[in-house]
Amino acid sequence: MRSRNQQTGQRYVGILTDGAHWHAYHLRGATLNLVTSHTLATRDPDGLGLFYWLEGVLATRQHIPPTPTEIGQLLGASSTSYALDRATLADLYHENADTATVQLKRKLWADLLKSALGTQFVDDDNLFIEHTLLMNSADIIAHLVVGLDVMDMEPATLLTGQRFEQAGILGVVEQDFFDWTIEVSGGAQFVQSLARRVARFDWSHVDHDILKVLYESIIGADTRKRMGEYYTPDWLAEHIVETAVTRPLQQRTLDPACGSGTFLFHAVRRYLNAAEQAGETLDIALSQLPRQVIGVDLHPVAVALARVTYLLAIGRHRLTDPRRGPITIPVYLGDSIQWREQLDLFTEDHLKINAGHGASYLDDLLRFPQHLLDDPDHFDRLVANLANLAAKPRDKNTVPSLTALFRRMAIPSDDQPMIRETFAAMCRLHDESRNHIWSYYIRNLARPIWLAMPENRVDVLIGNPPWLSYRHMPIDMQTIFKKLSRDRGLWHGGQVATHQDLSALFVARTIQLYLNAGGSFAFVLPNAVLDRDYFAGFRSGWYDDAAEPTAVTFTETWDLRKLRPHLFLRGSCVVMGNRIPLTRHRKTAPAAEVWSGHLPQPARSWRSVAQHISRHRGDHHGKASTTTGSPYGPRFTQGATIVPRALFFVETESSGPLGLGGGRRAVRSARSSYEKFPWKDLPRLEGVVETEFIRPVLLGESVLPYRVLGARDAVVPLVGSQLFSAESPELDYYPGLADWWHRAESVWNEHRSTTRLTLIEQLDFRGKLTAQLPTPPLRLAYGKSGMHVTAAIITDPYAVIDHTLYWATITSTHEGHYLSAILNSPVITDLVRPLMSYGKDERHIDKHLWKLPIPLYDSTNPDHRLLANLGQQQHALVAKMTLDQQNFITLRRHVRTELGKHPTTADVARLVEGLVR
């Protein structure tokens with residue numbers, strides 16, 4: 001391999017095999033490294049699997065359709081080609097990470113993603129490498145889309161977009177954060193090898209956002225989940241565009257959080273189809289397109305993908321038509337929400353960008369007359385030409401003449417002096433090796449602020465804004481988010497403050513900044529928007545900002561939670577409306593249209609999906625928030641935060657042949673497969689602890705309908721109603737507990753994620769442990785989460801209740817049976833499910849069920865007495881059941897099945913319906 005590399009200058013892969021085991025190697029310097037392997041089973045060998053593994057190395061197939069399956073198998077993270085390309089790229093990065101250009105581009109990349117994604121973004125070399133691989137692939141795909149032969153092109157040409165500039169197509173491929181590969185030794189060979197793999201696909205006919213598939217194939221699911229990156233299905237984006245963009249030739253459309261460009265793809269197709277049907281010539285249609293359909297995103301990878309997606313939407317047949325004139329792809333890297341309101345970019349008459357780099361450099365101002373931005377295509381071509389001229393070979397410290405450029409681009413004489421000054425600064429930046437990507441910044445940074453000027457606002461806003469939770473924002477972002485939300489009446493505060501996310505503010509802010517009066521909007525949002533209290537300010541439709549109060553009316557909403565499979569890891573909806581005059585504002589909202597059904601797989605076009613969806617009008621917005629709720633709500637509280645489990649929960653160890661004497665037990669940490677990092681990787685604690693401090697703890701898994709399973713043991717420093725801390729002098733009287741607690745606290749201090757809480761403060765967070773003391777004789781508890789509400793009476797006065805349960809004191813067994821009958825009834829689960837917090841399923845019950853009008857038990861009410869009696873009968877039925885050692889989910893299902901057969905169940909359902917409907 002070393003010899004072949006030296007002879008040809010190309011990258012080679014070595015395969016070693018005995019026919020059953022296949023190993024692929026690459027050279028890292030002088031070392032041969034194993035990258036990926038494949039093994040054929042002795043029985044029933046998977047020949048197709050070996051074929052795909054080999055194809056990833058050999059790259060011999062041609063004209064492959066770019067379907068999600070083929071992309072995943074041949075380019076995705078599980079493919080051989082990905083493993084080889086990523087390994088080579090990682091070597092290139094680590095060999096050149098200290099060079100100035102790589103350091104700068106990596107820093108700019110990290111800064112932008114921190115702004116876009118908050119604390120969910122992890123500044124990690126591996127992610128930068130994955131993004132570089134993805135973006136180099138996207139740049140190559142862009143060339144293939146228009147029919148260029150990438151195998152006959154120089155790598156630098158592929159990543160800088162020179163052929164697009166020559167063809168009069170700007171804003172597709174340009175110098176950005178990820179073209180460092182062509183600036184380091186060995187990078188050109190890497191790009192050539194990558195181009196060979198990507199060129200196998202036929203990119204001439206694509207009918208959806210295929211770049212989204214490529215992104216999800218390369219960037220791991222765990223990374224995407226952590227960063228909250230989930231893209232809208234094509235069929236949904238297509239239908240939203242059809243519904244919201246009713247006059248595509250007259251309406252200007254903006255997606256202010258465009259991601260990989262799914263909404264842009266369908267908006268572009270809708271505009272071009274309408275133009276063709278209206279008899280518009282191709283050159284006129286394409287010249288108007290950049291003004292009609294625009295995208296902005298703060299994620300540099302998303303922007304680059306969206307630009308290629310925009311090209312795919314236009315289609316090769318239009319791009320290669322000789323009648324086509326120059327065109328700019330109007331997808332910009334920018335801050336749509338304008339966190340810091342950088343209005344200082346614009347003075348009264350011009351745009352200015354400071355390209356200075358630290359205290360050691362002069363402030364280099366890049367300035368342009370503001371009116372030039374009115375024509376995006378013309379402005380972008382001007383900036384591109386200036387950047388190219390500044391980079392051409394010339395004597396250092398000389399500035400080329402711009403006379404020919406001014407004549408060719410018809411630049412007014414009044415604008416020329418300012419542009420000459422800017423060009424001189426660009427030349428100086430290039431001479432000092434500081435040019436980097438300032439031209440990229442010029443055309444991107446200003447666009448959102450320019451769009452916010454009243455004369456430049458759009459007619460339709462569409463998209464899927466970021467769903468970034470307040471608790472995942474960095475501190476400085478939280479501060480600005482809170483201020484912007486309060487200014488617009490969106491901040492709710494209180495205990496639900498951490499549940500608030502960026503989506504509501506993003507929509508309100510972009511409507512305020514970019515939408516014309518009378519314009520319409522359609523956004524995919526968390527389903528909590530429909531009925532959660534902390535979205536009440538958004539639902540009001542009145543965003544009372546002092547600078548520009550804004551009013552909207554909501555015209556249509558689609559509740560998407562009941563579609564299967566789930567579209568996202570959180571429940572979603574679509575909210576549509578119009579910006580209206582302040583004088584016409586009314587606090588009204590339409591009832592949500594509930595969508596249900598099982599989606600076909602793959603589900604791409606709206607036509608293929610529509611027939612599988614049932615749509616019916618649901619309850620009015622905010623119903624859950626405006627009901628009086630139940631008087632039981634304040635009585636129920638969440639159990640204690642007994643986490644991390646490894647420091648508290650224990651199992652008994654053998655005490656040896658001599659035993660330990662009375663009142664002491666040998667214990668060690670009880671481990672579970674559900675533990676999280678870093679606790680799951682830590683060694684067990686072991687010790688001998690006084691038995692009075694080993695308390696039974698009831699978890700969510702301890703409760704079945706009407707019945708409590710065995711509790712788990714945990715070390716809890718409680719004596720009576722007193723909770724000991726490490727500093728408590730009484731702890732010295734109990735050496736076993738003291739030893740355990742001091743070691744547990746040491747582990748906690750070393751690995752905790754917050755420095756605010758000591759271990760004892762964590763255990764008694766918000767007083768949820770001491771609130772249980774002294775323990776009442778009768779309690780009722782129900783599970784915090786689950787597909788069904790599950791409740792039971794607790795009679796053990798010694799048991800501690802964990803945070804996975806909610807509990808309340810009950811005055812009598814009659815009240816307990818009454819509440820058990822209500823909560824365990826399937827009627828309650830059906831009623832509370834629309835009110836629940838949304839995860840993968842509606843599992844987070846919490847206190848949402850008390851939004852239902854469940855009345856207090858009244859012994860004089862015959863229906864209440866009858867419910868208590870029926871609950872007692874069902875309790876007796878479950879108590880007699882023989883339960884094996886199956887997991888609690890299976891046991892709950894078994895109990896519900898048996899209850900469903902019991903004659904009392906129908907009576908319970910009828911009575912509960914009468915109480916809470």
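To be clear, the structure that these remarks concern was listed above.
Quick caveat: nothing in here was measured; it's all calculated off a predicted structure. (Residues numbered from 1 in each chain as written. Predicted model: local features only at pLDDT ≥ 70, side-chain atom pairs only at ≥ 80, totals over all residues. Heavy atoms only, no water.)

Colleague: I keep staring at the overall build of the chain and nothing clicks. Help me out?
Modeller: Helix and strand counts for the chain come out as 33 helices and 31 strands. Looking at the 917 residues of the chain, the share that counts as buried comes to 56%. Taking the contacts inside the chain whose residues are at least 6 apart along the sequence as the reference set, 72% of them involve residues at least 24 apart. Of the roughly 38900 Å² of accessible surface on the chain, 51% is carried by carbon and sulfur atoms. (Helix = DSSP H or I, 4+ residues; strand = E, 2+ residues; numbered from the N terminus. Buried < 20%, exposed > 50% of the residue type's maximum accessible area, 1.4 Å probe, protein only. Contact = heavy atoms within 4.5 Å. Areas by Shrake-Rupley, 256 points an atom, 1.4 Å probe, with all protein chains shown as cover.)

Colleague: Just to check I follow, could you spell out helix 6 (residues 125-145) for this structure?
Modeller: One full turn of an α-helix is made of 3.6 residues, so residues set three or four places apart face in the same direction. Counted at 1.5 Å a residue, the expected span for helix 6 with its 21 residues is 30 Å, and the 30 Å between its end C-alpha atoms agrees. In terms of residue burial, helix 6 counts as a mostly covered element, since 19 of its 21 residues are buried. You can read the cap of helix 6 off the contacts: a side-chain oxygen lies 3.2 Å from the backbone nitrogen of N126, and it is on D124. Among the residues trailing helix 6, G147 stands out with phi positive, at a value near 85 degrees. (Expected span 1.5 Å × (residues − 1). Polar contact = N/O pair within 3.5 Å; in protein donor to acceptor, adjacent residues only side chain to side chain.)

Colleague: I would appreciate a short explanation of the packing of helix 6 against helix 15 (residues 300-314) in the present structure.
Modeller: The description of two helices packed together rests on the angle between their axes and the distance between the axes. At a minimum axis distance of 10 Å, the contact between helix 6 and helix 15 shows a crossing angle of 15 degrees. By the angle between their axes, helix 6 is roughly parallel relative to helix 15. Helix 15 is crossed by helix 6, and the crossing has left-handed handedness. In this structure, helix 6 uses H131, L134, M135, A138, I141, A142 and V145 to contact helix 15, whose residues at the interface are V301, A304, L305, V308, L311 and L312. (Axes fitted to C-alpha atoms, helices over the stretch in contact; angles between N-to-C directions. Parallel < 35°, antiparallel > 145°, perpendicular 65-115°, else oblique. Left-handed = near helix turned anticlockwise from the far one by under 90°.)

Colleague: Would you mind going over the packing of aromatic side chains with me for this structure?
Modeller: How two aromatic rings sit relative to each other is set out by the distance from centre to centre and by the angle between their planes. In this structure the tally under the stated criterion is 32 aromatic pairs. When the centroid spacing of 5.9 Å and the interplanar angle of 70 degrees are considered together, the rings of Y93 and W180 count as edge-to-face. Of the two residues, Y93 sits in helix 4 (residues 80-96) while W180 sits in the loop between strand 4 (169-170) and helix 9 (187-198), which places them 87 residues apart along the sequence. The pair Y93 / W180 is uniform in exposure class, with both members buried. Taking 5.1 Å as the distance between ring centres and 50 degrees as the angle between the ring planes, the aromatic pair formed by Y818 and Y857 counts as tilted. Taken as a pair, Y818 in helix 29 (residues 813-823) and Y857 in the loop between helix 30 (826-832) and helix 31 (862-880) lie far apart in primary sequence, 39 residues in all. The buried category is assigned to Y818, whose relative accessible area is 0%. Of the aromatic side chains, those joined through ring pairs into one cluster are Y93, W109, F128, F177, F178 and W180. (Phe/Tyr/Trp six-rings, centres within 6.5 Å; stacked < 30°, edge-to-face > 60°.)

Colleague: What is the right way to read the pattern of salt bridges from this model?
Modeller: When charged atoms on two side chains of opposite charge get close, those side chains can pair. What the rule picks out here adds up to 25 salt bridges. When the shortest N-O distance is used, the salt bridge between E55 and R200 registers 2.8 Å. With E55 in helix 2 (residues 47-58) and R200 in the loop between helix 9 and helix 10 (210-218), this residue pair connects regions lying 145 residues apart in the sequence. In terms of burial, E55 and R200 fall into one category: buried. As a salt-bridge pair, R561 and D559 come within 3.1 Å of each other at their nearest N and O atoms. The burial state of R561 is the same as that of D559; both residues are buried. Counted as one network, the salt bridges with shared partners bring together K105, D179 and E183. (Salt bridge = Lys/Arg side-chain N within 4 Å of Asp/Glu carboxyl O.)

Colleague: In this structure, what is going on with the sheet that holds strand 22 (residues 694-698)? I would like to understand it.
Modeller: Each strand in a sheet pairs with another by means of backbone hydrogen bonds, the pair being arranged parallel or else antiparallel. Taken together, the three strands give an open sheet; going across it, the order is 25-22-30, and neighbouring strands pair in mixed fashion. Two strands close off the open sheet at either side, each with one partner strand: strand 25 (712-715) and strand 30 (800-801). Alignment of strand 22 against strand 30, held across two bridges, turns out to be parallel. Counterpart to L698 in the pairing with strand 30 is I801. (Pairing = 2+ DSSP bridges.)

Colleague: Got a minute to help me understand unusual backbone geometry in this structure?
Modeller: Note: most residues except glycine have negative phi, and most peptide bonds are trans. For the bond from V643 to P644, the omega torsion is 0 degrees, close enough to zero to count as cis. Relative to the helices and strands, P644 resides in the loop between strand 18 (637-638) and strand 19 (650-652). Residue P774 follows L773 across a cis peptide bond; omega there is -15 degrees. Within the secondary structure, P774 is located in the loop between helix 28 (759-763) and strand 28 (779-783). A positive phi is found at H63, a non-glycine position, where the angle reads about 55 degrees. By the element assignment, H63 lies in the loop between helix 2 and helix 3 (68-74). The backbone phi angle of R766 is positive, close to 55 degrees, even though this residue is not glycine.

Colleague: Any chance you could explain the nonpolar core here in plain terms?
Modeller: For soluble globular proteins, nonpolar side chains are generally found buried alongside one another. Ranked by size, the top nonpolar core spans 111 residues in total, and within it W235, L236, L311 and I314 carry the most contacts. For I314, the contacting residues outside a window of four places in its chain are V268, L272, L286, L289, L319, I327 and I329. Within the second largest apolar cluster, 67 residues are counted, among which are L386, A504, L505 and A508. (Core = buried A, V, L, I, M, F, W, Y, C linked by side-chain atoms within 4.5 Å.)

Colleague: Just checking my understanding: could you explain helix 22 (residues 475-487) for this structure?
Modeller: The terminal C-alpha atoms of helix 22, which comprises 13 residues, lie 19 Å apart, in line with the 18 Å expected from a rise of 1.5 Å per residue. Residues of helix 22 that are buried include every one of M477, Q478, I480, F481, L484 and S485, and no others.

Colleague: When you look at the sheet that holds strand 19 in this model, what are you seeing that I'm missing?
Modeller: Strand order in the open sheet formed by three strands is 19-20-21, and the pairing between neighbours is antiparallel. The outermost strands of the open sheet, each flanked by one partner alone, are strand 19 and strand 21 (686-690). Taking the axes of each pair of neighbouring strands and ignoring which way they run, one obtains an average angle of 45 degrees across the sheet. Where strand 20 (residues 664-669) and strand 21 come together, five bridges link them in antiparallel fashion. In the sheet register, V667 faces strand 21, and the bridge partner there is G687.

Colleague: Where do I start with the environment of H26 in this structure?
Modeller: Secondary-structure assignment places H26 in strand 2 (residues 21-28). Polar side-chain contacts of H26 include one of 3.4 Å to the side chain of D91.

Colleague: Would you explain the pairing of strand 29 (residues 791-794) in this entry?
Modeller: A regular strand places its side chains on the two faces of the sheet in alternate fashion. Taking every second residue as pointing to the same face, both faces of strand 29 are buried, with A791 and I793 on one and A792 and I794 on the other. Note that strand 28 and strand 29 share four bridges and pair antiparallel. Counterpart to L780 in the pairing with strand 29 is I793.

Colleague: Quick question: what am I supposed to make of the environment of T403 here?
Modeller: Relative to the helices and strands, T403 resides in helix 18 (residues 403-409). C-alpha separation for the pair T403 and R420, spaced 17 residues apart in sequence, amounts to 9.9 Å. Of note is the side chain of T403, whose polar atom sits 3.1 Å from the side chain of S401.

Colleague: How should I be thinking about the packing of helix 31 against helix 33 (residues 904-916) in this particular structure?
Modeller: The interhelical angle for the contact between helix 31 and helix 33, taken along N-to-C directions, is 145 degrees, at an axis separation of 10 Å. Seen from above, helix 31 lies across helix 33 with left-handed handedness. Two secondary-structure elements touch here, helix 31 through D863, H864, L866, L867, L870, Q873 and Q874 and helix 33 through T904, T905, D907, V908, L911, V912 and L915. Tallied by class, residues from the contact of helix 31 with helix 33 come to seven nonpolar, five polar and two charged. (Nonpolar A, V, L, I, M, F, W, Y, C, P; charged D, E, K, R; others polar.)

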